[in-house]
Amino acid sequence: MKRGMWVGKILIMVMIGIALMIGFGIGTMYLWNWLIPVLFNGPVITFWQTVGLLVLSKILFSGFGRGGHCSGGHRGPWRPYWKEKWSAMSPDDRERFKEKMKNKWCYPRSENPEANSGSPTV
């Protein structure tokens, strides 16, 4: 592709991104001004106040770090420990460990269909 086409595509992407951000800000502002003054007797806010609130909520609730909590950017200092422990396990030990975690954290599945029905037995 020619360089001009790449520049044009990048400019279009930037313009779409800006339009989406402005649309999100305006949508949030209208939603706030529709609900908050009526429900909580709160103030009516402007577009720039809305943008400020969105930036503040981003800072307070997710910080400036790379990615989100589940994106894999931060995996903790325990990761090398468990990686080493997992590699030292035999295949049978791994299966037992998986089953134990599945039973602990997932809903246990019973072989008896009446136990899963949710109706109490008398």
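See the structure above.
Below you will find a few notes about this structure. If you're wondering where the values come from, they're calculated on a predicted model, not measured in any experiment. (Residues numbered from 1 in each chain as written. Predicted model: local features only at pLDDT ≥ 70, side-chain atom pairs only at ≥ 80, totals over all residues. Heavy atoms only, no water.)

**A word on a nonpolar patch on the surface**
Together, Ile10, Val14, Ile18, Met21, Ile22, Ile26 and Tyr30 line one region of the surface with nonpolar side chains, adding up to about 690 Å² of accessible area. Locating Ile10 in the fold gives a position in helix 1 (residues 3-40). Residue class for Ile10 comes out exposed when judged on its relative accessible area of 51%. (Patch = residues over 30% accessible without salt bridge, like charges linked within 9 Å, V, L, I, M, F, W, Y side chains within 5 Å. Areas by Shrake-Rupley, 256 points an atom, 1.4 Å probe, with all protein chains shown as cover. Salt bridge = Lys/Arg side-chain N within 4 Å of Asp/Glu carboxyl O. Helix = DSSP H or I, 4+ residues; strand = E, 2+ residues; numbered from the N terminus. Buried < 20%, exposed > 50% of the residue type's maximum accessible area, 1.4 Å probe, protein only.)

**As for the packing of helix 3 (residues 79-88) against helix 4 (residues 91-105)**
Look at helix 3 against helix 4: their axes get within 8 Å of each other, and the N-to-C directions meet at 125°. Looking at the two axes, helix 3 sits oblique to helix 4. Together, Trp82, Trp86 and Ser87 of helix 3 and Arg94, Phe97 and Lys98 of helix 4 make up the contact between the two elements. (Axes fitted to C-alpha atoms, helices over the stretch in contact; angles between N-to-C directions. Parallel < 35°, antiparallel > 145°, perpendicular 65-115°, else oblique. Contact = heavy atoms within 4.5 Å.)

**A look at the packing of helix 1 against helix 2 (residues 47-62)**
Running from amino to carboxyl end, helix 1 crosses helix 2 at an angle of 100°, the nearest separation of the two axes being 9 Å. By the criterion of interaxial angle, the relationship of helix 1 to helix 2 is roughly perpendicular. Contacts between helix 1 and helix 2 involve Ile22, Phe24, Gly25, Ile26, Thr28, Met29 and Trp32 from the first element and Phe47, Thr50, Leu53 and Leu54 from the second. The residue makeup of the contact of helix 1 with helix 2, split by class, is eight nonpolar, three polar and no charged. (Nonpolar A, V, L, I, M, F, W, Y, C, P; charged D, E, K, R; others polar.)

**A closer look at helix 1**
Taking 1.5 Å of rise per residue, the 38 residues of helix 1 would be expected to cover 56 Å, and the 54 Å separating its terminal C-alpha atoms lies within 8% of that figure. All buried positions along helix 1 are accounted for by Gly25, Met29 and Ile36. In this structure, the buried side of helix 1 is in contact with helix 2. Where helix 1 terminates, the next one or two residues include Asn41, which has phi positive at roughly 55°. (Expected span 1.5 Å × (residues − 1).)

**Side note on unusual backbone geometry**
With glycine set apart, most residues show a phi of negative sign, and most peptide bonds adopt trans. Even without being a glycine, Asn41 presents a positive backbone phi close to 55°. Within the secondary structure layout, Asn41 lies in the loop between helix 1 and helix 2. Judged by its relative accessible area of 70%, Asn41 falls in the exposed class.

**Topic: the pattern of salt bridges**
Inspection of the entire model under this criterion finds two salt bridges. One salt bridge in this structure joins Lys98 and Glu95, with 3.8 Å as the shortest N-O distance. Of this pair, Lys98 and Glu95 both sit in helix 4, three residues apart, which is roughly one turn of the helix. For Lys98, a relative accessible area of 44% gives the class partly exposed.

**So, the packing of aromatic side chains**
All chains considered together, the criterion is met by four aromatic pairs. Seen in terms of ring centroids, Trp86 and Phe97 are 6.0 Å apart; in terms of plane orientation they differ by 65°. Their pairing is edge-to-face. You can see Trp86 sitting in helix 3 and its partner Phe97 sitting in helix 4, a full eleven residues away along the chain. Cluster of aromatic residues (ring-pair linked, three or more members): Tyr81, Trp82, Trp86 and Phe97. (Phe/Tyr/Trp six-rings, centres within 6.5 Å; stacked < 30°, edge-to-face > 60°.)

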